[in-house]
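# Topology and contacts: notes
Here are the chains, one letter per residue:
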Amino acid sequence: MTTTSPLPDPVLRRPDPVPGTGGLVDRHGRVATDLRVSLTDRCNLRCSYCMPPEGLAWLPKVEVLTDDEVTRLVRIGVEQLGIREVRFTGGEPLLRPGLVGIVRAATALQPRPEVSLTTNAIGLARVAPALAEAGLDRINVSLDTLDRDRFKQLAHRDRLDDVLAGLAAAQAAGLTPVKVNAVLLRGINEVDAVPLLDFCLERGYQLRFIEQMPLDAHHAWTRGEMVTAEDILERLSAAHTLTPDTAERGSAPAERWLVDGGPATVGVIASVTRSFCGTCDRTRLTADGQVRNCLFAREESDLRTSMREGATDEELADRWRIATLAKLPGHGIDDPSFLQPSRPMSAIGG
């Protein structure tokens, strides 16, 4: 009788057997080339889908990566692990004093990654020229309403004028395309869908609506109360003709729609109802040096401790590779066993 070895899992890509080589590949064949780096868990707004009005207990300063530590891990990602896109997030990254220097270090790497920033734009009017000079490629700005009263209701701060000024400054500095991210909450700012789209069309900004995700610090999110992608498209279609954009989407999270025949588009990121986990190419680094494979991951891998104990670049790269292997096939929000991660969005990085 002949025996044969079992065939290998056709989906599994095994890590390179030689330490110090290979990129960030998980067991489902996905390759992470997009790095999201949280520079701080602090924020100067209190958006209701993210944190309570009184704020949160911030990370102790000693636990937050230094500028040199951030730039070192980004360099390892680019030079050894195949990272091609780097986005700096928060909390609010403009609160990081060394932001411009961190951006400059990232854009000086070879091969040069695309470097972007996600921000609430408070203070951006002042720093946009310096960020452009440092090589920043583009900006994503969070803006959920153009109504001052609703802005105060959502963010618990009267800072709408600062956000609008930041948007204009980013465009003037050449940090384009300027993208606007909006989250709609049922019974609060659903009526802002069309005004936000018209505002962005008039100014040449690219608008993307994002379904509210279960990442609020107070765990008040419920699937039944969420404004879905279908709800958003229905509202927009009442004022504009939307047709699917046939351009290749790749790993981009947004489904894009041509507005009134184009060329302008609007995107809808259906993070919950039409997940795109199968094409995910992201890896995340928290402000305190933890690798996260997913926004909704309940496990993290600590690079900060190893780095501070003297690990070499090669050892840190291997730790990052090992962490990536544990990436799950999907976020599992529709699974009855789903548990919201303990860290809120402000502590993870968007």
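Before reading on, note that the structure itself is shown above.
Residues numbered from 1 in each chain as written. Predicted model: local features only at pLDDT ≥ 70, side-chain atom pairs only at ≥ 80, totals over all residues. Heavy atoms only, no water.

This next bit is on the overall build of the protein chain. The secondary structure content of the protein chain amounts to 10 helices and 14 strands. Burial status across the protein chain gives 52% buried among its 350 residues. Partitioning the contacts of the protein chain with sequence separation of at least 6, the portion at a separation of at least 24 is 72%. Of the roughly 15,800 Å² of accessible surface on the protein chain, a fraction of 53% belongs to carbon and sulfur atoms. (Helix = DSSP H or I, 4+ residues; strand = E, 2+ residues; numbered from the N terminus. Buried < 20%, exposed > 50% of the residue type's maximum accessible area, 1.4 Å probe, protein only. Contact = heavy atoms within 4.5 Å. Areas by Shrake-Rupley, 256 points an atom, 1.4 Å probe, with all protein chains shown as cover.)

Another aspect to go through is helix α7 (residues 229-237). Spacing of three or four residues puts side chains on the same side of an α-helix, whose turn is 3.6 residues. Along α7, the positions that sit buried rather than exposed are Ala-229, Ile-232, Leu-233 and Leu-236. For α7, the buried positions fall inside an angular range of 95° around the axis, keeping them on one side. The inward-facing, buried residues of α7 abut α6 (193-203), β8 (206-210), β9 (242-244), β10 (255-259) and β11 (265-269). (Arc of directions from axis to C-beta.)

Attention now moves to the nonpolar core. Grouped together as the largest cluster of nonpolar side chains are 88 residues, with contacts concentrated most on Val-74, Phe-88, Leu-124, Leu-131 and Phe-209. Not counting residues up to four positions away in its chain, the partners in contact with Phe-209 are Ala-182, Leu-184, Ala-193, Leu-196, Ile-232, Leu-236, Val-266, Gly-267, Val-268 and Ile-269. (Core = buried A, V, L, I, M, F, W, Y, C linked by side-chain atoms within 4.5 Å.)

The next point concerns the layout of surface pockets. Its boundaries defined by the atoms lining it, the second largest pocket holds a volume of some 390 Å³. Elements supplying a minimum of two residues to the lining of the second largest pocket: β3 (34-38), β4 (85-89), β8 and β11. A per-class count over the lining of the second largest pocket returns five nonpolar, four polar and 13 charged. (1 Å grid on protein atoms, 1.4 Å probe; cavity = no way out; pocket = protein on both sides within 12 Å on 5 of 7 lines; lining within 4 Å. Points joined across faces, edges and corners; volume = space filled by probe spheres on them. Nonpolar A, V, L, I, M, F, W, Y, C, P; charged D, E, K, R; others polar.)

With that out of the way, let us pick up unusual backbone geometry. A cis amide bond, omega 20°, links Gly-90 with the succeeding residue Gly-91. Tracing the backbone shows Gly-91 in the loop between β4 and α2 (99-107). For Asp-260, which is not glycine, the phi torsion reads 50° and is therefore positive. With respect to the secondary-structure elements, Asp-260 resides in the loop between β10 and β11.

Right, let's get into the side chain of Ser-38. Structurally, Ser-38 can be placed in strand β3. Within the local environment of Ser-38, its side chain forms a polar contact with the backbone oxygen of Thr-40, the two atoms lying 3.3 Å apart. (Polar contact = N/O pair within 3.5 Å; in protein donor to acceptor, adjacent residues only side chain to side chain.)

This part takes up the pairing of strand β7 (residues 179-182). Burial of the side chains of β7 extends over both faces: Lys-179 and Asn-181 are buried on one face and Val-180 and Ala-182 on the other. Bridge count between strand β6 (residues 138-142) and β7: three bridges; the pairing is parallel. The partner of Asn-140 across the bridge, within β7, is Lys-179. Sheet topology note: the β7/β8 ladder contains four bridges and is parallel. Bridging from a neighbouring strand, Lys-179 pairs with Gln-206 of β8. Where the polypeptide runs from β7 across α6 and back to β8, its parallel neighbour, the crossover connection is right-handed. (Pairing = 2+ DSSP bridges. Right-handed = clockwise from strand over helix to strand, strands pointing away.)

Turning our eyes to something else, we now look at the pattern of salt bridges. The final tally for this structure, using the stated rule, is 22 salt bridges. Across the pair Arg-30 and Asp-26 runs a salt bridge whose closest N-O atoms are separated by 2.7 Å. Like Arg-30, the residue Asp-26 is buried in the burial classification. One salt bridge in this structure joins Arg-36 and Asp-34, with 3.1 Å as the shortest N-O distance. A relative accessible area of 6% means that Asp-34 is categorised as buried. Linked by salt bridges that have partners in common, Arg-72, Arg-75, Glu-79 and Asp-313 make up one network. (Salt bridge = Lys/Arg side-chain N within 4 Å of Asp/Glu carboxyl O.)

Let us now look at the sheet that holds β10. Taken in spatial order, the 12 strands line up as β9-β10-β11-β8-β7-β6-β5-β4-β3-β12-β13-β14 in an open sheet, and their pairing is mixed. Each of the sheet's edge strands pairs with one partner strand only, and the pair in question is β9 and β14 (301-302). α2 contacts β4 and β5 (114-119) of the sheet and is inclined by roughly 155° relative to β5. (Axes fitted to C-alpha atoms, helices over the stretch in contact; angles between N-to-C directions.)

All right, on to the packing of helix α1 (residues 67-81) against helix α9 (residues 313-325) then. In the contact formed by α1 and α9, the axes pass within 10 Å of each other and the chain directions differ by 75°. If you check the angle between α1 and α9, you find them roughly perpendicular. Within the contact between the two elements, α1 uses Arg-72, Leu-73, Arg-75, Ile-76, Gly-77, Gln-80 and Leu-81 and α9 uses Asp-313, Glu-314, Leu-316, Ala-317, Trp-320 and Arg-321. Each residue belonging to the contact of α1 with α9 can be placed in one class, and the counts come to six nonpolar, two polar and five charged. (Parallel < 35°, antiparallel > 145°, perpendicular 65-115°, else oblique.)

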